[in-house]
Amino acid sequence: MRDFDYIIVGGGCAGLSLAYSLEVNNKLSGKSLAIIEPREKYERDKSWSFWKTFEHGFDDCVKKSWTEFEIKTEKGTKSHSSSHYPYQCIDSGLFYEKILNTLKKNTNINFFKNKKDVRNNCSIIFNSVSDKQDDRSGLWQHFQGYEIEVERDVFDDKVLTLMDFNCDQKNSVHFFYVLPFTSKTALIESTWISNMNDRSELDYGDQIHDYIKNILKIAKYKINYTETGKIPMFNSKTTRSDNIIQIGTAGGMTRLSTGYTFTNIQKQSRYIQKNIQYINKLNNFSISKKYQYLDNIFLRVLSNNSSEMIEVFYRMFGCKTDTIIKFLSEETTLSEDLSVIRRMPKNIFLSALVGK
Ligand SMILES: Cc1cc2nc3c(=O)[nH]c(=O)nc-3n(C[C@H](O)[C@H](O)[C@H](O)COP(=O)(O)OP(=O)(O)OC[C@H]3O[C@@H](n4cnc5c(N)ncnc54)[C@H](O)[C@@H]3O)c2cc1C
């Protein structure tokens, strides 16, 4: 068994992003890196979408970009358009391929299937494997998406549907997310925010089928790709140790109110890469305290008032387009924060603030 300077546990989005950032910035010369990843092969398994608010370096893995998006409720539709901040969707298959092609050129980077295959006595370990996979007490954003293909031109591929609340809410928050890639293909996801205890919510296939048939009015379609996921909307308490640094979702990179994680993973990778020489002496990279505080209040509101959430989202998306994008991408100024906060229903947010 070999010793390694660095070990990355989990070669998913965060693990590979970090390895890539270290490699392309020449931080691995004279160093050895082991990546522990159990999967047998890399293939497209996720679609990472976000507003592009900074150069992330993966434009060549973008499947599609949009400048227009909509929020739909029974009350009406909020339409937005931003040329400053396009909404991008990264194909994870292209992302894995790009990174693995780069990493394989460095013979000091080795992949292993199991932690037991490497010694870790004097390595710095970057861990992206979470221990909260089965926690049913917290809130999860859980979903399934079908990428479908139809024979006729039915989708307007210029406009994505960020949230369509025209569906059964049960006692949770439920919406459909539609990414039209072309006039004939789209990814359609049924998304819930709940503690996952109601098994009927997990019947995603029927929900997507009903939505395609009754709301999109499409009778015949072919499913080309499926993705399923659950994103924790809570952070687990991680103990910091000098030689283990948590990264990715396990390292608190998920924006708890939205589930967006990809861009924070890129910011975290950059931070680690820049400070790699003394990384074990620095504080972990984290989402700013301001957004952590606001998200905690938001999630308290969501837990206590799920039936009010459509109205909350509808009001929130009544803000100016760039303000709402910046708010959801952690880029707002204080006055922009206040313009979002002012739109929220006062009573339920005040109750959440005082802990009622
Ligand atoms: C289907 C899906 C869609 C998503 N869409 C978006 C989106 O649109 N926008 C966005 O910002 N975020 C999105 N997210 C959230 C987040 O960006 C992703 O979950 C992202 O992949 C998190 O990266 P990660 O490295 O923390 O976890 P992962 O990418 O899941 O990587 C963890 C890796 O650890 C490996 N592993 C598991 N067990 C072990 C073990 N015991 N030892 C070693 N390795 C192990 C896994 O095989 C995996 O490769 C999505 C999540 C999912 C699940």
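Basis of the calculations
- Residues numbered from 1 in each chain as written.
- Predicted model: local features only at pLDDT ≥ 70, side-chain atom pairs only at ≥ 80, totals over all residues.
- Domains from an automatic or database assignment.
- Contact = placed C-beta atoms within 7 Å.
- Nonpolar A, V, L, I, M, F, W, Y, C, P; charged D, E, K, R; others polar.
- Pairing = 2+ DSSP bridges.
- Helix = DSSP H or I, 4+ residues; strand = E, 2+ residues; numbered from the N terminus.
- Axes fitted to C-alpha atoms, helices over the stretch in contact; angles between N-to-C directions.
- Near = placed C-beta within 6 Å.
- Parallel < 35°, antiparallel > 145°, perpendicular 65-115°, else oblique.
- Left-handed = near helix turned anticlockwise from the far one by under 90°.
- Buried ≥ 20, exposed ≤ 12 C-beta atoms within 10 Å, placed from the backbone.
- Core = buried A, V, L, I, M, F, W, Y, C linked by C-beta atoms within 7 Å.

### Points about the domain arrangement of the protein chain
When its domains are assigned, the protein chain resolves into domain 1 (6–63 + 92–131 + 236–281), domain 2 (140–232) and domain 3 (289–353). If you average the C-alpha positions of domain 1 and of domain 3, the two centres end up 30 Å apart. Contacts between the two partners involve eight residues from domain 1, matched on the other side by nine residues from domain 3. Looking at the side of domain 1 that touches domain 3 residue by residue, the classes come out as three nonpolar, four polar and one charged.

### What to know about the sheet that holds strand β7 (residues 87–91)
Taking strand neighbours across the sheet as the criterion, the three strands line up as β3-β7-β4 in an open arrangement whose pairing is antiparallel. Each edge of the sheet is formed by a strand with only one pairing partner; in this case those strands are β3 (47–51) and β4 (62–66). Strand-to-strand, the axes of this sheet are offset by a mean angle of 15°, without reference to chain direction. As paired elements, β4 and β7 share four bridges and run antiparallel to each other. In the strand pairing of β7, Val62 is matched with Ile90.

### Notes on the site of the ligand
Not every one of the 29 residues close to the ligand is listed here, only the nearest: Gly10, Gly12, Ala14, Gly229 and Gly248. Per-element accounting of the shell around the ligand gives the leading share, four residues, to β3. For the shell around the ligand, the domains that each give at least three residues are domain 1 (6–63 + 92–131 + 236–281) and domain 2 (140–232).

### Brief notes about the packing of helix α1 (residues 13–24) against helix α4 (residues 262–274)
In the contact formed by α1 and α4, the axes pass within 9 Å of each other and the chain directions differ by 40°. By the criterion of interaxial angle, the relationship of α1 to α4 is oblique. Handedness of the crossing formed by α1 with α4: right-handed. For the pair α1 and α4, contact is made by Cys13, Ala14, Ser17, Leu18, Ser21 and Leu22 and by Phe262, Ile265, Gln266, Ser269, Arg270, Ile272 and Gln273, respectively. Split by residue class, the contact of α1 with α4 holds seven nonpolar, five polar and one charged.

### Thoughts on the packing of α1 against helix α2 (residues 92–103)
Put simply, α1 and α2 touch, their axes get as near as 10 Å, and they point 45° apart. As the angle between them shows, α1 and α2 are arranged oblique. Along this stretch, α1 crosses α2, giving a crossing that reads as left-handed. Note on element contacts: α2 touches α1 through Tyr96, Ile99, Thr102 and Leu103, opposite Leu16, Ala19, Tyr20, Glu23 and Val24.

### Re the pairing of strand β10 (residues 140–149)
Counted residue by residue, β10 has nine buried out of 10 residues, so it is predominantly covered. Bridging between β10 and strand β13 (residues 185–194) involves 10 bridges; their strand directions are antiparallel. Counted as the bridge partner of Phe143 is Thr191 from β13. By the bridge criterion, 10 bridges tie β10 to strand β14 (residues 222–232) in an arrangement that is antiparallel. Its bridge partner being in β14, Glu149 is matched across the sheet by Lys222.

### Points about the nonpolar core
Formed by 81 residues in total, the largest nonpolar core has its most connected members in Ile7, Ile8, Leu18, Ala19, Leu33 and Ile188. Here this core takes seven residues from α1, the largest share from any one element.

### A closer look at the environment of Asn127
Its place among the elements puts Asn127 in strand β9 (residues 124–127). The sequence separation of Asn127 and Ile245 amounts to 118 residues, and the corresponding C-alpha distance is 6.1 Å. For Asn127, the residues in contact, after removing those within four places along its chain, are Val9, Gly10, Ile244, Gln246, Ile247 and Ala250.

### Focus: the sheet that holds strand β11 (residues 159–164)
Strand order in this open sheet of seven strands is β6-β5-β11-β12-β13-β10-β14, and the pairing throughout is mixed. Each end of this open sheet is capped by a strand with a single partner; those strands are β6 (76–81) and β14. The mean angle between the axes of side-by-side strands here comes to 15°, regardless of whether they run parallel or antiparallel. Strand direction decides the pairing type here: strand β12 (residues 173–180) and β13, joined by eight bridges, are antiparallel. The partner of Leu179 across the bridge, within β13, is Leu187. In the packing of helix α3 (residues 204–215) onto the sheet, contacts are made with β10, β12 and β13, and the angle to β13 comes to roughly 125°.

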